[in-house]
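Letter by letter, the chains look like this.
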Amino acid sequence: MKTFRIMIIAAISAVMVSCEIDYDRIDGLNHSDLTYYADILFGNNVILPVEMAEFAIEFDEYLSMPDEEKQNSYRFFGKIRQVGPTLYSFSDDNMSCTIDTKGVSVWQEGAEWEYAEFSVRPQIVGSPGGYRYYSVSDNVIIKFEKDNIGDFQLMASLKSGIDNSFAMALISREDNLYKWNISGSGYDRGEDGLKAEFSAGNGNGGINISERMSEDDSEKEFICDGIFYVDIYNGADKIDWCQIIFRQGYRVDYLSSR
């Protein structure tokens, strides 16, 4: 199958630092608090944009099929409900979303698709427990564009203001298994001067994500390789840090300042 390249600039909101990390707790913070927060930032800023992009690409292909061919789509047939002229809802065991296609192909010039909500339960190889759950309920705009050299660019952004910039390059696609490289950074502001700075790779090649099917061929699994960094500041002072180290499908390690 012909492979192609898509550049993605994704902006997905993350929960505020003060909502997930409470420095006023009597019993104090521990390693689990920091790793839980870092995992949310990773999911919201890396995994969710990847899942949204892949869904948009594949659902656009499904909509372009003749009706008789749609019945052969295991991914979508019987799982899609049209709730408006261009509004669709989708649900299966691992994902649910509501998306407005605006009645055009996502590849059409100037097209913008909009997610009203998106939740997914990805399987990350080597991660403790395997499954994670990530969701976003803010409206997210998906827009594909061609750049000057003929590659595709996908931009995903929230209507509300956010503070991150992630570049996500789709290196290849074979059937519906993808290979990505994700790089970029951002920050999440909380109350009382708290701020978390996070990055994929910290400028050292980003994080590579490949995909495979599970042993029973029932679902897709992510294989990540790289480091996701989170540093937490109170004003100018760095008070905590956490790293999620993905060892190319072998295991996932969590390091922190506690």
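Note that this is a predicted model, so its numbers are computed, not measured. (Residues numbered from 1 in each chain as written. Predicted model: local features only at pLDDT ≥ 70, side-chain atom pairs only at ≥ 80, totals over all residues. Heavy atoms only, no water.)

Undergrad: Residue-level account of the overall build of the protein, with values.
TA: From N to C terminus, the protein includes three helices and 16 strands. The buried share of the protein, reckoned over its 258 residues, is 47%. Here the analysis covers contacts within the protein between residues at least 6 apart in sequence; of these, 55% occur between residues at least 24 apart. Summed over its atoms, the accessible surface of the protein is roughly 12,700 Å², and 45% of this surface lies on carbon and sulfur atoms. (Helix = DSSP H or I, 4+ residues; strand = E, 2+ residues; numbered from the N terminus. Buried < 20%, exposed > 50% of the residue type's maximum accessible area, 1.4 Å probe, protein only. Contact = heavy atoms within 4.5 Å. Areas by Shrake-Rupley, 256 points an atom, 1.4 Å probe, with all protein chains shown as cover.)

Undergrad: How would you summarise the layout of surface pockets if you had to cite specific residues and measurements?
TA: Sizing a probe to match a water molecule and rolling it over the atoms shows the empty space that remains. Space inside the largest pocket adds up to approximately 670 Å³. Taken together, 26 residues make up the lining of the largest pocket; nearest its centre are Arg 75, Met 213, Ser 218, Glu 219 and Lys 220. Sorting the residues of the lining of the largest pocket by element identifies helix H2 (31-63) and strand E14 (220-234) as the ones contributing at least two each. Broken down by element, the residue count for the lining of the largest pocket peaks at four residues, all from H2. Considering only residue class, the lining of the largest pocket consists of nine nonpolar, four polar and 13 charged. (1 Å grid on protein atoms, 1.4 Å probe; cavity = no way out; pocket = protein on both sides within 12 Å on 5 of 7 lines; lining within 4 Å. Points joined across faces, edges and corners; volume = space filled by probe spheres on them. Nonpolar A, V, L, I, M, F, W, Y, C, P; charged D, E, K, R; others polar.)

Undergrad: Before we move on, could you go through the pattern of salt bridges and cite the residues and values that matter?
TA: In the structure shown here, the tally under the stated rule is 14 salt bridges. A salt bridge links Arg 132 to Asp 39; its shortest N-O distance comes to 3.2 Å. Placement of the pair is Arg 132 in the loop between strand E6 (123-124) and strand E7 (134-136) and Asp 39 in helix H2, with a sequence separation of 93 residues. Look at Asp 39 and you get buried, because its relative accessible area is 10%. Measuring nitrogen to oxygen at the nearest pair gives 2.8 Å for the salt bridge that ties Arg 212 to Glu 221. One network of salt bridges, with partners in common, ties together Glu 51, Glu 54 and Lys 220. (Salt bridge = Lys/Arg side-chain N within 4 Å of Asp/Glu carboxyl O.)

Undergrad: Talk me through the confidence of the model for the protein; I want residue IDs and the actual numbers.
TA: Mean pLDDT over the protein: 81, with 79% of residues reaching 70 or higher. Mean pLDDT in the protein bottoms out at strand E1 (residues 6-10), which sits at 41, and peaks at strand E3 (residues 87-91), which reaches 97. Every residue in residues 1-19 is under pLDDT 50, and counting partners more than four places away or in other chains gives 86 contacts. Here residues 158-162 scores under 50 on pLDDT; set against residues more than four positions off or in separate chains, the count is eleven contacts. (pLDDT = per-residue confidence, 0-100.)

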